[in-house]
Amino acid sequence: MTSYVSEVLQPEETVRYEGTLHWIIFLPGIVLFAFGVAGLLGVVTLARNAPGYHIYSVVVYAALALGALHLLSAWVRRWTTEIAVTDRRVIYKTGLISRRSVEMNMDKVESVDVTQDIFGRIFNYGTVLIRGTGASLEPLSTIATPLALRNAITAR
């Protein structure tokens, strides 16, 4: 499957930077799934007639299912999100079934704001807001290496 960015490149337009979402988007699903796996050990070792066994097992199976769904959702979100900076524009595309794409010409970019909390600084992810003349791109959240994205946009 070809990428959206390669489909919309104009003649003689070159890609200077390609970005993606950070792996941290998988963390809630990993934690929930790990909780379910740890709880599964209790389900296996507890007697079926123990008080609260059925409630406990429902919670554990729900954690496993919700963790798996969250991991799948994060994977699809990361797989279907494309961020690129070319010599002419910034391209952002997301979505599998319904696609949302935003493009901003480089000469319309006024400023690029990067916001990182303490964990974002440690793990190198953050939110990037690109402000342009007349309009702005939506904040791009949980972007891997946000300073590299900013530098690719502001370097002329």
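Throughout what follows, the structure given in this document is the object of discussion. Keep in mind the model is a prediction, meaning the values are calculated, not measured.

## Examining the overall build of the protein
- Check the secondary structure of the protein and you find five helices and seven strands.
- Element order for the protein, N to C, with α for helix and β for strand: α-β-α-α-β-β-β-β-α-β-β-α.
- The C-alpha atoms of the protein give a radius of gyration of 21 Å, which is well past the 15 Å a tight globule of 156 residues would have.
- With the C-alpha coordinates aligned to their principal axes, the bounding extent of the protein is approximately 70 × 35 × 25 Å.
- Relative to its 156 residues, the protein shows a buried fraction of 37%.
- When the accessible surface of the protein is split by element, carbon and sulfur atoms take 62% of a total near 9,400 Å².
- Counting 14 positive and 12 negative side-chain charges, the protein places the averaged centre of each group 7 Å from the other.

## Details of the sheet that holds strand S4 (residues 100-105)
- Read from one edge to the other, the open sheet built from four strands follows the order S1-S2-S3-S4, with strand pairing classed as antiparallel. In this open sheet, the two strands that pair with only one neighbour each are strand S1 (15-19) and S4. The sheet shows a mean angle of 10° between the axes of neighbouring strands, direction not considered.

## Overview of the pattern of salt bridges
- Tallied over the entire structure, the rule returns four salt bridges.
- The residue Glu13 makes a salt bridge to Arg89 at a minimum N-O spacing of 2.8 Å. With Glu13 in the loop between helix H1 (4-8) and S1 and Arg89 in strand S3 (residues 89-94), this residue pair connects regions lying 76 residues apart in the sequence. Side by side, Glu13 and Arg89 carry an identical accessibility label, which is buried.

## Topic: the packing of helix H2 (residues 27-45) against helix H3 (residues 53-79)
- Axis separation between H2 and H3 bottoms out at 7 Å; the angle between their running directions is 150°. For the element pair H2 / H3, the angle class is roughly antiparallel. The interaxial crossing formed by H2 with H3 has left-handed handedness.
- The residue inventory of the contact of H2 with H3, partitioned by class, reads 18 nonpolar, seven polar and no charged.

## Here we look at the packing of aromatic side chains
- Taken as a whole and assessed by the stated rule, the structure comprises two aromatic pairs.
- With centroids separated by 5.8 Å and ring planes inclined at 80°, the aromatic side chains of Trp23 and Phe123 adopt a geometry described as edge-to-face. In this pair, Trp23 is assigned in the loop between S1 and H2 and Phe123 in helix H4 (residues 118-123), connecting sequence segments 100 residues apart.
- Its relative accessible area of 41% is what places Trp23 among the partly exposed residues.
- A relative accessible area of 36% means that Phe123 is categorised as partly exposed.

## Side note on the sheet that holds strand S6 (residues 125-132)
- Read from one edge of the open sheet, three strands run S5-S6-S7, paired in antiparallel fashion. Strand pairing shows two members of the sheet lacking a second neighbour, strand S5 (109-115) and strand S7 (140-144), which therefore form its edges. Pairwise comparison of adjacent strand axes, ignoring direction, gives a mean angle of 35° for this sheet.
- Pairing geometry for S6 and S7, over three bridges, is antiparallel. Looking at S7, one finds that Tyr125 is bridged to Ala144.
- Packing against the sheet, helix H5 (residues 146-154) makes contact with S5, S6 and S7, and its axis sits at approximately 170° to S5.

Each value, and the rule that gives it
- Residues numbered from 1 in each chain as written.
- Predicted model: local features only at pLDDT ≥ 70, side-chain atom pairs only at ≥ 80, totals over all residues.
- Heavy atoms only, no water.
- Helix = DSSP H or I, 4+ residues; strand = E, 2+ residues; numbered from the N terminus.
- Rg over C-alpha atoms; globule rule 2.2 N^0.38 Å.
- Buried < 20%, exposed > 50% of the residue type's maximum accessible area, 1.4 Å probe, protein only.
- Areas by Shrake-Rupley, 256 points an atom, 1.4 Å probe, with all protein chains shown as cover.
- Lys, Arg positive; Asp, Glu negative; His and termini not counted.
- Charge placed at Lys NZ, Arg CZ, Asp CG, Glu CD.
- Pairing = 2+ DSSP bridges.
- Axes fitted to C-alpha atoms, helices over the stretch in contact; angles between N-to-C directions.
- Salt bridge = Lys/Arg side-chain N within 4 Å of Asp/Glu carboxyl O.
- Parallel < 35°, antiparallel > 145°, perpendicular 65-115°, else oblique.
- Left-handed = near helix turned anticlockwise from the far one by under 90°.
- Nonpolar A, V, L, I, M, F, W, Y, C, P; charged D, E, K, R; others polar.
- Phe/Tyr/Trp six-rings, centres within 6.5 Å; stacked < 30°, edge-to-face > 60°.
- Contact = heavy atoms within 4.5 Å.

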